[in-house]
Amino acid sequence: MLNTRIGSLELSSPLLTASGTFGHDPSALAFLKPGDLGALVLKTVTLEPRHGNPIPRMCEFTGGVMNSIGLENRGLEHFQQVVAPDFSGLAMPVIGNAGGHAVDDYVAMVGAMHEMPCIQAIEVNLSCPNVAGGSLPFATDPDAIQRVMQACREATDKPLWAKLSPNVTRMAPLALACESSGADAITVGNTVLGLAVDWRTRKPALGAGFGGMSGPAIRPIAMRMVYEAVQAVNIPVIACGGAQSADDILDFTVVGAAAVQIGTAVFRRPDAFSIIAAELRQILHQASTTLDELRGSLEWPGRVS
């Protein structure tokens, strides 16, 4: 009932992990029933190790969580030698997530993941700051997106997803840049830039100052941007932002999402995927409908069909 397709990938469910929230440890899957999670999207890996941002790195606010992890990871060599072998034989697709500060970084990461049999698809994290060309993320500039994705496309024939940022004014031009440069799917989006402060200390709540907001408070922002992307491109759009229930998944589906990544909800309930999957099956059965029938069926106000 929950079978889902993203390009050439066949998934048992439209529910995916959001990069970073399950880390690189497949033992977390022990909380879930088989078939409830469609694919495991891994935490971003960069060419060289990254120590991350100053602590504190996480704080809660009404409506979600803020984080400033800073893409902490042990680098490609550690991932190849220590982490990747743990995913061999896993009964679901594993999606690698490649980060970088320059086009060459991304190409090296994608090329390395192309050689790993355990990786079925690669999500390119375009939210990384563009050090070579400025401090803004690649995901804010269509030209920068095209440079990265075209180069990555030449480095692999595995399914290639582009992970975009919601910290932009319009999503359509960025989605089109991904599609025209060879992306097989687009993930929309990532955390929303915010600031939390403590008036008692007169300091930001996070060690790096600004941080990324996630959780239910950002869901309407993600919903709008997923809709804009779906209207602009013909490749699958994967929603990411604030989903925590079966109704949220179906809302994103009606907007046109091919699948939905879940992150913050898992922090409170490690078995959230199985809870939501069970709710989805029950709702779809009671409504006598399917995900395919609902997908993209949003009726816009005032629009004549």
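Reading the values: the criteria
- Residues numbered from 1 in each chain as written.
- Predicted model: local features only at pLDDT ≥ 70, side-chain atom pairs only at ≥ 80, totals over all residues.
- Heavy atoms only, no water.
- Helix = DSSP H or I, 4+ residues; strand = E, 2+ residues; numbered from the N terminus.
- Expected span 1.5 Å × (residues − 1).
- Contact = heavy atoms within 4.5 Å.
- Pairing = 2+ DSSP bridges.
- Axes fitted to C-alpha atoms, helices over the stretch in contact; angles between N-to-C directions.
- Patch = residues over 30% accessible without salt bridge, like charges linked within 9 Å, V, L, I, M, F, W, Y side chains within 5 Å.
- Areas by Shrake-Rupley, 256 points an atom, 1.4 Å probe, with all protein chains shown as cover.
- Salt bridge = Lys/Arg side-chain N within 4 Å of Asp/Glu carboxyl O.
- Buried < 20%, exposed > 50% of the residue type's maximum accessible area, 1.4 Å probe, protein only.

## Considerations on helix H8 (residues 272-287)
Right, on to step 1. The terminal C-alpha atoms of H8 lie 22 Å apart, and with 16 residues this matches the ideal 22 Å at 1.5 Å per residue to within 8%.
Right, on to step 2. On the buried face of H8, the contacting elements are strand S3 (15-17), helix H6 (246-255), strand S16 (259-262), helix H7 (264-268) and helix H9 (291-294).
Right, on to step 3. One or two residues past the end of H8 sits Ser288, with phi positive at roughly 50°.

## Some thoughts on the sheet that holds strand S14 (residues 211-214)
Right, on to step 1. Sheet architecture is open: 4 strands sit in the order S5-S6-S14-S11, paired in antiparallel fashion. Both outer strands of the open sheet, strand S5 (58-61) and strand S11 (192-194), are each paired with one neighbouring strand and no more. Pairwise comparison of adjacent strand axes, ignoring direction, gives a mean angle of 35° for this sheet.
Right, on to step 2. Direction of pairing for S5 relative to strand S6 (residues 64-67): antiparallel, over a ladder of 4 bridges.

## Regarding a nonpolar patch on the surface
Right, on to step 1. Judged by side-chain polarity, Leu193, Leu195, Val197 and Phe210 come together as a nonpolar surface patch covering roughly 440 Å² of accessible area.
Right, on to step 2. With respect to the helices and strands, the residue Phe210 is situated in the loop between strand S13 (203-204) and S14.
Right, on to step 3. Classification of Phe210 as exposed rests on a relative accessible area of 53%.

## Examining the pattern of salt bridges
Right, on to step 1. Tallied over the entire structure, the rule returns 10 salt bridges.
Right, on to step 2. In this structure, Glu10 engages Arg5 in a salt bridge whose closest nitrogen and oxygen atoms are separated by 2.0 Å.
Right, on to step 3. Exposure remark for Glu10: the relative accessible area of 51% places this residue in the exposed category.
Right, on to step 4. In this structure, the salt-bridge partner of Asp292 is Arg295, at a minimum N-O distance of 2.8 Å.
Right, on to step 5. The partly exposed category is assigned to Arg295, whose relative accessible area is 25%.

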